[in-house]
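# An overview of the molecular structure
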Amino acid sequence: MRLSHHYVVPHVSTGDMLRAAEKSGSDFGMKAKESMDSGELLSDEIIMEMVAERLAESDVVARGFILDGCPRTTHQAEVLAALLAPQTLDLTVDIEVPTAQVMRRLAGRRVCVDCGANYSVSTPPKVNWLCDVCGGEVKQRKDDTEDAIRRRLELYERQTAPLIEWYEGRNQLARVNGIGPPDAVLRRIIRSIEDRRNRGRR
Ligand SMILES: [Zn+2]
């Protein structure tokens, strides 16, 4: 999100799109909710259809995009490459965080059910688990329980980790250390993007 503000390009987040669909109560939204609550991934076809629609909108066509949460499988990456052809992605960023730390972060995360603001057990809202921003109820997401998190991490190993090689082989990958405060991680991401741009110019 903050990266898209920095570069003034649209933030295309599959998570946001799915949560918006879920709120709308459409058939698609209900199906998405079921999958997310159980920690499963939606089928590649559904995800990529949603992404294809978004990438065809005029703001993205004019300014480019930062894609967040997709691709998660090499099949999604292939579909994405075909969607973008003859253009290609400038860069993918792998934010590296040790598994134990991912577990801790996700297990401690608490989210406002109304506006989506993020809190954690170590940084709760000021009053009684009510959102500082909107007064909504702040609680643990159903897909942030330890079981669901473990399932997500297993899925990640099986389906998403192979993407690192896929993009590395195409010279489109930057690895960024994801340990530390969000500001520090953001600065590292921006630095790796600038490095890549400068190399491209030479
Ligand atoms: Zn709120």
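Below you will find a few notes about this structure. Keep in mind the model is a prediction, meaning the values are calculated, not measured.

### Focus on the coordination of the zinc ion
Around a metal, the ideal angle is 109.5 degrees if four donors adopt a tetrahedral arrangement and 90 or 180 degrees if six donors adopt an octahedral arrangement. Within the protein, Cys 112 (SG), Cys 115 (SG), Cys 131 (SG) and Cys 134 (SG) serve as the donor atoms for the zinc ion, at 2.3 to 2.4 Å. Considering all four donor atoms around the zinc ion, angles at the metal cover 102 to 116° and the coordination shape is tetrahedral. Look at where the donors of the zinc ion fall in the sequence and you get C-x2-C-x15-C-x2-C. Taken together, the positions of Cys 112 in strand S4 (residues 109-112) and Cys 131 in the loop between strand S5 (118-120) and strand S6 (138-139) put the pair 19 residues apart, joining distant regions of the chain. Residue Cys 112 is classed as buried on the basis of its relative accessible area of 3%. With relative accessibility at 5%, the residue Cys 131 sits in the buried group.

### Concerning helix H6 (residues 74-84)
Buried residues of H6: Gln 76, Ala 77, Leu 80 and Leu 84, and no others. Projected down its long axis, H6 shows its buried positions confined to an angular sector of 100°, all on one face.

### Quick look at the side chain of Asp 144
Structurally, Asp 144 is set in the loop between S6 and helix H8 (146-160). Of the residues examined, Asp 144 reaches a relative accessible area of 0% and is grouped as buried. One polar contact links Asp 144 to Arg 152, side chain to side chain, over a distance of 3.2 Å. The contact partners of Asp 144, leaving out residues within four places of it in the chain, are Leu 106, Ala 107, Arg 109, Ile 149 and Arg 152.

Rules of the game
- Residues numbered from 1 in each chain as written.
- Predicted model: local features only at pLDDT ≥ 70, side-chain atom pairs only at ≥ 80, totals over all residues.
- Heavy atoms only, no water.
- Donors = N, O, S within 2.8 Å, 3.2 Å for Na, K, Ca; no water.
- Tetrahedral: all angles 85-135°; square planar, octahedral: opposite > 155°, others 65-115°.
- Helix = DSSP H or I, 4+ residues; strand = E, 2+ residues; numbered from the N terminus.
- Buried < 20%, exposed > 50% of the residue type's maximum accessible area, 1.4 Å probe, protein only.
- Arc of directions from axis to C-beta.
- Polar contact = N/O pair within 3.5 Å; in protein donor to acceptor, adjacent residues only side chain to side chain.
- Contact = heavy atoms within 4.5 Å.

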